[in-house]
Each structure stands twice: as structure tokens, then as C-alpha cells.
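Spelled out, the chains give:
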Amino acid sequence: MLGLGADRLRADMNRLLALLFHQGVLDEQFLQLQQLQDESSPNFVSEVVNIYFHESEKLLRNLRGLLMEKEFADYKKMGIHLNQFMGSSSSIGAKRVRNVCVAFRAASEQTNRAGCLRALELLEHEYCYLKNKLHELFQIEQQRALAAGVRYPMQN
């Protein structure tokens, strides 16, 4: 049976997840990802999400680099990066990040540089919020796992 600390931490995790769903930050795909985690791969979700973070940061750098070029005109390349970002965001359930990518892609398809710059700023903001909240969730999850594993000796 879980200790009181583990129960409290599980409740904290559930409250944080409920908040992220209520805010539209995450969608049901994140729950499906969680269902793939089991005792044989207890860190599955955090490992997948960390890969997402690593790849997303490369994509954000590439998008910013393209937009900062003095004679920027490669909207097709930008669309390719945005499609990758949308796909990976969808696969982990990052709903708000994905939605910003959709708006960003629409601006790029209209060759609207000012719209792309605004969308990039919003994308970076949403990505940072997601990253901070998921790191918080994984920290609580680690604490819960540690608390659940603690066994106290019986008092005589």
C-alpha cells in the first residue's frame, strides 16, 4: 500500500494533469502515451517527452534562424519544420503547441513574415510553458515513486 506521502503526491500529479487538460495544454494523446508505460518501462513517458523536447528545441532554433535571415524567402523550408513540430506535438498530446504550429503554418503559407514572427514568439512561449509543467509533473512522479517504495520497519 502507498504511504501517505505517495498518496498526496499522486493527488498533486492528478491536479496538475487536470489543470493542463483544462487549459488545453494537453489532450487525450498524452493519456494514451501514459497507458504505454508499465513496470518494464517505468520512465517511458518522460523518455519520449525528453526526445520531443530535444527535437523541438532544434526545430525552434531552425525556425528562428530562417526568420532572422536578412533576405528571408524560404517559406517552404519553414513549412517542413512546422509540419515536423506539429506531428511530434500531436504524438505526445501537446495540444496548444500543435495549435500554434497550425497558425504559424498558415502565416508562412501566406508569406506573412510579421505573422510568422508573432507566431514564433507565441510558439516559444507555449513550448516553454509545456516544458516547465511537464518537468514539474515528472518531478512529482519521481517523488511519488520514491515515497511508494519506502518501507518502514514495524515497531515492537
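What counts and how
Residues numbered from 1 in each chain as written. Predicted model: local features only at pLDDT ≥ 70, side-chain atom pairs only at ≥ 80, totals over all residues. Heavy atoms only, no water. Phe/Tyr/Trp six-rings, centres within 6.5 Å; stacked < 30°, edge-to-face > 60°. Helix = DSSP H or I, 4+ residues; strand = E, 2+ residues; numbered from the N terminus. Buried < 20%, exposed > 50% of the residue type's maximum accessible area, 1.4 Å probe, protein only. Expected span 1.5 Å × (residues − 1). pLDDT = per-residue confidence, 0-100. Contact = heavy atoms within 4.5 Å.

Caption draft 1: Inspection of the packing of aromatic side chains at higher detail. In the structure shown here, the tally under the stated rule is five aromatic pairs. Centre to centre, the rings of Tyr52 and Tyr127 are 6.5 Å apart; their planes meet at 50°, and the pair counts as tilted. Highlighted residues: Tyr52 in helix α3 (residues 44-68) and Tyr127 in helix α6 (residues 113-149), separated in sequence by 75 residues. Residue classification places Tyr127 among the buried positions, given a relative accessible area of 3%. The rings of Tyr52, Phe53, Phe85 and Tyr127 are connected pair by pair, giving a single aromatic cluster.

Caption draft 2: The arrangement of α3 in detail. Look at α3: 36 Å from first C-alpha to last across 25 residues, which is about the 36 Å you get at 1.5 Å a residue. The set of residues buried in α3 consists of Val45, Ser46, Val49, Tyr52, Phe53, Ser56, Leu59, Leu60, Leu63, Leu66 and Leu67.

Caption draft 3: Spatial organisation of the confidence of the model for the protein. Per-residue confidence for the protein gives a mean pLDDT of 90; residues scoring 70 or more make up 93%. Here helix α1 (residues 4-22) is the element of the protein with the lowest mean pLDDT, 91, and helix α5 (residues 95-109) is the one with the highest, 97. Low confidence marks residues 151-156, where pLDDT is under 50. Its contacts with residues over four positions away, or in another chain, come to zero contacts.

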